[in-house]
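Geometric and topological summary
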Amino acid sequence: MAHGRRWKLSQLTAFSHAQSHLRVQTVHGAIVTIIGAAVALVLFISEFRQCMLTRRVQEMKVDMSRRETLHVTFNITFPALPCEALLMDAGDVSGKWQTESRIQVARNGEVHKHQIDSEGRWMYLAEYTAPSAGDWDNPFVLRVDQQEMTAIEEALKRHEGCNIYGWLDVARVAGNIHFAVRPEALFLSMNTQEIMHALRQRQVLLHGVGADLHPDASKLNVSHVIHTLRFGPPFPEQANPLEGVTQIDRKSTGIDKYFIKVVPTDYYSLWGRKTHTYQYSVTEYYHQFRGGEETPPAVYLLYDSSPIMVELRDVRPGLLRLLVRTCAVVGGAFAVTGLWDKLVHRAVTSIKKHMA
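Presented here is a report on the structure given in the accompanying data block. Everything quoted here is computed from the prediction, not taken from an experiment.

Considering helix H2 (residues 27–52)
For H2, built from 26 residues, the straight-helix expectation of 38 Å at 1.5 Å per residue is met to within 8% by its first-to-last C-alpha distance of 38 Å. Burial in H2 covers these residues: His-28, Gly-29, Val-32, Gly-36, Ala-40, Glu-47 and Cys-51. Those residues of H2 that are buried lie in contact with helix H6 (319–355).

Description of the packing of aromatic side chains
Between two aromatic rings, the relevant description is the distance of the centres plus the angle of the planes. Inspection of every chain in the model, using the stated rule, returns 7 aromatic pairs. Judged by centre distance (6.3 Å) and plane angle (10 degrees), the ring pair of Trp-122 and Tyr-165 falls under stacked. In this pair, Trp-122 is assigned in the loop between strand E5 (109–116) and helix H4 (146–157) and Tyr-165 in strand E6 (residues 161–171), connecting sequence segments 43 residues apart. Owing to a relative accessible area of 22%, Tyr-165 belongs among the partly exposed residues under this scheme.

Quick look at the nonpolar core
Ranked by internal contacts, the top residues of the largest apolar core, which has 38 residues, are Ile-164, Ile-177, Phe-179, Leu-229, Phe-231 and Ile-260. The element contributing the most residues to this core is strand E2 (residues 69–78), with 5 residues. In this view, Phe-231 contacts Leu-70, His-71, Val-72, Gln-238, Ile-260, Val-262, Thr-277, Tyr-278, Tyr-280 and Tyr-303; residues no more than four positions away in its chain are not counted.

Notes on the state of the cysteines
A covalent bond bridging the sulfur atoms of two cysteines is what the word disulfide describes. Per the stated rule, a full pass over the model turns up 1 disulfide. Between Cys-83 and Cys-162 runs a disulfide, and the two sulfur atoms are separated by 2.2 Å. Negative torsions about the S-S bond denote left-handed disulfides, and the value of about 95 degrees found for Cys-83 with Cys-162 makes this one right-handed. One end of the pair, Cys-83, is in the loop between E2 and strand E3 (86–92); the other, Cys-162, is in strand E6, and 79 residues separate them in sequence. With respect to class, Cys-83 is no different from Cys-162; both count as buried.

Reading the values: rules and limits
Residues numbered from 1 in each chain as written. Predicted model: local features only at pLDDT ≥ 70, side-chain atom pairs only at ≥ 80, totals over all residues. Heavy atoms only, no water. Helix = DSSP H or I, 4+ residues; strand = E, 2+ residues; numbered from the N terminus. Expected span 1.5 Å × (residues − 1). Buried < 20%, exposed > 50% of the residue type's maximum accessible area, 1.4 Å probe, protein only. Contact = heavy atoms within 4.5 Å. Phe/Tyr/Trp six-rings, centres within 6.5 Å; stacked < 30°, edge-to-face > 60°. Core = buried A, V, L, I, M, F, W, Y, C linked by side-chain atoms within 4.5 Å. Disulfide = S-S within 2.5 Å.

Okay, structure coming up:
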């Protein structure tokens, strides 16, 4: 009975085996087998690489969140503008406006400055310390201080630059970050007495007599290199197109404006970890001074938030898919190899018969 059960069970096999003396081993069969094994190996390696590659899936949807702040990280070098002449302020459409000193008081950001030489290296390990009295960091207030103006002029003669970096929390509304030239830097060709005399005369000018001020912006170069500018925490392959941008004013100075559209982004890593951050696109506008302009040169980062959110996921097929694809590829390769072996064997046999 046991022998009968084994015989019935054997009927279910899909692989029948011929006896060894009935098998025929040929050279052309070996060649076809080697080629089939090579093809199967190549296809397996290709599938393995495809299954191990990480691809990114993107989905767009309307941003329903109510997050109120953007965390801005920046690092910009002005090779030809000394720290004594450089100011930074930030404002938005809600009416909030902050200078460097106000940012420090509110503790919603940090601004650091380092003086650099003509080779772009830090001159000192210590940060540049700005004057602490009055509205020293207000780009709309003219401080007629001979000592400060002399310091600016001497720094320009030494070809000093400034590396300004830090971070800032701003409201998620339309706004701008403004890197400005101190107004008094426009009057380096005049001393304090001449400036005050011109200002007093300007008051009389309204009644028909007096002299006017003549600002000179030609010596102020706002060439800059943007090392870092991002909104929110970083993630792999984040779109920050302004990072690495170099703008050199070779012929004359001017005003650089970068119109930035900030896109909310949820990034999910391969292991499912979520990072809420932002990417951005940018459009650049440059106004070159032709001569006679009384407006100080500046760099504007004008940002606005997009109502569309992007969701990014890194995915990988996994081992189960690799197993399925391997079985399909290897099995298919050997099935085709078997077909070719039969065709080649028939052709060789036929040729031998005709030759005999």
